[in-house]
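Structural description and commentary
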Amino acid sequence: MDKHPRKLLVVVTEAAIEKAVVQDARRLGAHGYTASAVRGGGLQGEREGAWEADRSVELKIVCGVDTAERIASHLLATYAPNYAMTVWLADVQVFRAEKF
């Protein structure tokens, strides 16, 4: 079975900006995404999701390297200065390249 290299862009951020982040990612070339509610803690404290302003989401986007870097650069420049945001990339292999 043929496998195709892609990047997995993962964004963990405040739920309040999920819609804007998704719209930007789609506009910048993402074909799709997966979103999950998450909890965690780090340098900016704990985010337990106990109330609306304390909720976090994890967005996963599988795409080409150029698209991943374009989206990551935009999100970090636009949102990271004012919102809790962690972004990372990983190498993945997909079976249906046309989806990504």
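Residues numbered from 1 in each chain as written. Predicted model: local features only at pLDDT ≥ 70, side-chain atom pairs only at ≥ 80, totals over all residues. Heavy atoms only, no water.

Considering the environment of Val94
On the secondary structure map, Val94 appears in strand S6 (residues 85-94). As for Val94 and Val62, which are separated by 32 residues in sequence, their C-alpha atoms are 8.8 Å apart. When residues no more than four places from it in sequence are discounted, the contact partners of Val94 are Asp2, Lys3, His4, Arg6, Val62 and Phe100. (Helix = DSSP H or I, 4+ residues; strand = E, 2+ residues; numbered from the N terminus. Contact = heavy atoms within 4.5 Å.)

So, the nonpolar core
Leu9, Val21, Ile71, Leu75 and Met85 are the most contacted members of the largest nonpolar core, which totals 18 residues. The set of elements that each furnish at least two residues to this core consists of strand S1 (4-14), helix H1 (18-27), strand S5 (56-63) and helix H2 (65-78). Once you skip the residues sitting within four places of it in the chain, Leu9 turns out to touch Leu59, Lys60, Ile61, Ala68, Ile71, Ala72, Val87, Trp88 and Leu89. (Core = buried A, V, L, I, M, F, W, Y, C linked by side-chain atoms within 4.5 Å. Buried < 20%, exposed > 50% of the residue type's maximum accessible area, 1.4 Å probe, protein only.)

Looking at the environment of Ile17
Tracing the backbone through its elements, the reader meets Ile17 in the loop between S1 and H1. C-alpha of Ile17 to C-alpha of Tyr79: the two residues are 62 residues apart in sequence and 8.5 Å apart in space. For Ile17, the contacting residues outside a window of four places in its chain are Tyr79, Tyr83 and Met85.

Remarks on the sheet that holds S5
Read across the open sheet, the four strands follow the order S2-S5-S1-S6; overall the sheet is antiparallel. A strand with exactly one partner marks an edge of an open sheet, and here the two such strands are strand S2 (34-38) and S6. Adjacent strand axes in the sheet meet at a mean angle of 20° when their direction is disregarded. Sheet topology places S1 next to S6; ten bridges connect them, and they run antiparallel. Across the sheet, His4 pairs through a bridge with Val94, a residue of S6. Set on the sheet, H1 makes contact with S1, S2, S5 and S6; between it and S5 the angle comes to about 10°. (Pairing = 2+ DSSP bridges. Axes fitted to C-alpha atoms, helices over the stretch in contact; angles between N-to-C directions.)

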